[in-house]
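# A structural walkthrough
The lines below spell out each chain.
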Amino acid sequence: MGVMSRFLNFVGLQDEEEIVERDTRQAEQPEEFETAAAEPRKTSKGNIVSIHSQRSVRVILSEPRSYEETQEIADHLRSRRSVVVNLQRVRTEQAIRIVDFLSGTVYALGGGIAKVGPNIFLCTPDTVEIQGAISEMLDEQDDYTRSR
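Presented here is a report on the structure given in the accompanying data block. (Residues numbered from 1 in each chain as written. Predicted model: local features only at pLDDT ≥ 70, side-chain atom pairs only at ≥ 80, totals over all residues. Heavy atoms only, no water.)

Once that is clear, we can look at the pairing of strand β1 (residues 59-62). Here β1 shows a clear split, with Ile60 and Ser62 buried on one side and none of Val59 and Leu61 buried on the other. Where β1 lies against strand β2 (residues 82-86), four bridges are found, and the strand directions are parallel. Looking at the pairing, Ser62 lines up with Val85 of β2. Following the backbone out of β1, through helix α3 (residues 70-78) and into the adjacent parallel β2, one traces a crossover that is right-handed. (Buried < 20%, exposed > 50% of the residue type's maximum accessible area, 1.4 Å probe, protein only. Helix = DSSP H or I, 4+ residues; strand = E, 2+ residues; numbered from the N terminus. Pairing = 2+ DSSP bridges. Right-handed = clockwise from strand over helix to strand, strands pointing away.)

Most of β2 sits out of view: four of its five residues are buried. When β2 meets strand β4 (residues 120-124), the two strands line up antiparallel, connected through four bridges. Across the sheet, Val85 pairs through a bridge with Phe121, a residue of β4.

Quick look at α3 now. Looking only at α3, the buried set comprises Thr70, Ile73, Ala74, His76 and Leu77. One side of α3 carries all its buried residues, which in axial view fall inside an arc of 155 degrees. Among the exposed residues of α3, those pointing more than 90 degrees away from its buried face are Glu72 and Arg78. Positioned one or two residues after α3, Arg80 has a phi angle of 65 degrees, which is positive. (Arc of directions from axis to C-beta.)

What follows covers the sheet that holds β2. Spatially, β1-β2-β4-β3 is the arrangement adopted by the four strands of the open sheet, whose pairing is mixed. Two strands bound the open sheet, and with one partner strand each, they are β1 and β3 (112-117). Averaged over all neighbouring strand pairs, the angle between strand axes comes to 20 degrees, with direction disregarded. The strands that α3 touches are β1, β2 and β4; relative to β2, the one it contacts most, it runs at about 155 degrees. (Axes fitted to C-alpha atoms, helices over the stretch in contact; angles between N-to-C directions. Contact = heavy atoms within 4.5 Å.)

Turning next to helix α4 (residues 92-109). Side chains that are three or four residues apart share a direction in an α-helix, a result of its 3.6 residues per turn. A rise of 1.5 Å per residue sets the reference length of α4, with its 18 residues, at 26 Å; its end C-alpha atoms lie 26 Å apart and thus fit the reference within 8%. Every buried residue belonging to α4 is among Gln94, Ala95, Ile98, Val99, Leu102, Thr105 and Val106, and all of these are buried. Here the buried residues of α4 occupy an arc of 135 degrees about the axis, which is enough to place them on one side. The exposed residues of α4 that point more than 90 degrees off its buried face are Glu93, Asp100, Tyr107 and Ala108. In this structure, the buried side of α4 is in contact with α3, β2, β3 and β4. Downstream of α4 by a residue or two, Gly110 has a phi angle that is positive, lying close to 80 degrees. (Expected span 1.5 Å × (residues − 1).)

Moving on: the environment of Lys115. Tracing the sequence through the fold places Lys115 in strand β3. A relative accessible area of 45% means that Lys115 is categorised as partly exposed. In sequence terms Lys115 and Ala133 are 18 residues apart; their C-alpha atoms lie 7.8 Å from each other.

What follows concerns the packing of α3 against α4. Look at α3 against α4: their axes get within 10 Å of each other, and the N-to-C directions meet at 20 degrees. Classed by the angle they form, the pair α3 and α4 counts as roughly parallel. Pair α3 / α4 crosses with right-handed handedness. Residues Thr70, Gln71, Ile73, Ala74, Leu77 and Arg78 of α3 form the contact with α4, whose own contacting residues are Ile98, Phe101, Leu102, Thr105, Val106 and Leu109. The class makeup of the residues in the contact of α3 with α4 is eight nonpolar, three polar and one charged. (Parallel < 35°, antiparallel > 145°, perpendicular 65-115°, else oblique. Left-handed = near helix turned anticlockwise from the far one by under 90°. Nonpolar A, V, L, I, M, F, W, Y, C, P; charged D, E, K, R; others polar.)

Quick look at the structure:
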């Protein structure tokens, strides 16, 4: 019984039946409110994912020999798998087309693409973040070997 109900009952302005009905409604309302309050908590976690609850993560190694195999790489990215693409076995014109296609795919999915070596690229979905740049290290290594 709330303070207001007690006061109205004491003054005689409220019947006991109304008090019981109000108390019943008030008891039901917090349960509904708690359920509604718990729902935003579940969604407020955003992108936080427990490491222990994830399935095993796969990284696909791909060495396409033609442009037609690029669609398969894009399908892996759509399935949220990272792909290392080695373009050393295709002609330069085809390698450029493949990189262009994969760049568009990665952009559309919100992922990333990075060069990790000569004609080798790492394509990642939006769940993987690429940090650093290996190309800078390769340039520094070339400068180091030239200076000797």
